[in-house]
Amino acid sequence: AREMAVDCSVIGATLSVMFGVLGSERVSPFPFSFLFRGLMRIIRSVPSLVWALTYGPLGGVITITATLAIGTDTIGTLGRLLTDELEEVEDGTIEGVSSTGAGKVQTIVFGMISQVIRPFIAWTMYILEINVRAAVGLGIIGGGGIGLTLRLEQQTFKFTNMMATILFIV
């Protein structure tokens, strides 16, 4: 579950930077920012369990599809949080970077994203905790990891081992 949670957090965090930046009205003009915000809203509204069932035709609910499902959920949530952080950056830094002759991309990277690195890392760590919980839940329905171990111990009535697994998860 831990490896699955880390993998989907890395995938989700990487893609959420793109979605978050393009969803910011300070970066993208109205129709595009609205489109990316709407896409993140749709992604966030679908639980990771439903994403796992959606990706199921790729090979069933296995570790890979569970990782993709949780990663997709991470894109919507973390992208939205990053968009909100980008909307609140200080204008002074942006003006300072653009006054040096920086282009649009340099202004975004050094003037805006540099201001939200610390909150983004904090939100990513929080999302990692949520992803561990989701990975255990998807493991119980067959997504692999420690959730699958927990389910097997419950089915074979090994309640002492099951309790040890629960304590390990905590």
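The structure presented is a predicted model; accordingly, all values stated were derived computationally and were not measured.

Caption draft 1: The arrangement of the nonpolar core in detail. Of all hydrophobic cores here, the largest spans 15 residues; its most connected members are Met4, Phe19, Ala69, Ile70 and Leu138. Listing elements by their share of this core, those giving two or more residues are helix 1 (2-23), helix 2 (30-45), helix 3 (48-54), helix 4 (63-87) and helix 7 (117-143). The element that contributes the greatest number of residues to this core is helix 4, accounting for four residues. Residues within four places of Leu138 in sequence aside, it is in contact with Ser48, Leu49, Ala52, Ala66, Ala69, Ile70 and Gly143. Of all hydrophobic cores here, the second largest spans 14 residues; its members include Val27, Leu78, Leu82 and Val116.

Caption draft 2: Up close: helix 8 (residues 146-155). Taken together, the buried positions of helix 8 are occupied by Ile146, Gly147, Leu150 and Glu153. Seen from one end, helix 8 has its buried residues packed into an arc of 125 degrees, which puts them on one side. Looking at the buried positions of helix 8, the neighbouring elements they touch are helix 7 and helix 9 (159-169). Just past helix 8, the residue Phe157 takes up positive phi, approximately 60 degrees.

Caption draft 3: Quick peek at unusual backbone geometry. Although it is not a glycine, Phe157 adopts a positive phi angle of roughly 60 degrees. Along the polypeptide, Phe157 turns up in the loop between helix 8 and helix 9.

Caption draft 4: Representation of the packing of aromatic side chains. Considering all chains together, one arrives at five aromatic pairs under this definition. Relative to Phe159, the ring of Phe157 lies with its centre 6.0 Å away and its plane at 65 degrees, an arrangement referred to as edge-to-face. On the basis of relative accessibility, which here comes to 63%, the residue Phe157 falls in the exposed class.

Caption draft 5: How the structure looks around the pattern of salt bridges. Evaluated as defined, the whole model comprises three salt bridges. In this structure, Glu87 engages Arg37 in a salt bridge whose closest nitrogen and oxygen atoms are separated by 3.3 Å. One end of the pair, Glu87, is in helix 4; the other, Arg37, is in helix 2, with 50 residues separating them in the sequence. A salt bridge links Asp84 to Arg80, with the nearest nitrogen and oxygen atoms 3.1 Å apart. With Asp84 and Arg80 both in helix 4, this residue pair falls four residues apart, about one helical turn.

Caption draft 6: Representation of the environment of Ile127. You can see Ile127 is positioned in helix 7. As for Ile127 and Glu90, which are separated by 37 residues in sequence, their C-alpha atoms are 25 Å apart. If we ignore the near neighbours within four places in the chain, the residues touching Ile127 are Thr74, Thr77 and Leu78.

Rules of the game
Residues numbered from 1 in each chain as written. Predicted model: local features only at pLDDT ≥ 70, side-chain atom pairs only at ≥ 80, totals over all residues. Heavy atoms only, no water. Core = buried A, V, L, I, M, F, W, Y, C linked by side-chain atoms within 4.5 Å. Buried < 20%, exposed > 50% of the residue type's maximum accessible area, 1.4 Å probe, protein only. Helix = DSSP H or I, 4+ residues; strand = E, 2+ residues; numbered from the N terminus. Contact = heavy atoms within 4.5 Å. Arc of directions from axis to C-beta. Phe/Tyr/Trp six-rings, centres within 6.5 Å; stacked < 30°, edge-to-face > 60°. Salt bridge = Lys/Arg side-chain N within 4 Å of Asp/Glu carboxyl O.

Without other data, these values stay purely geometric and don't point to any function.
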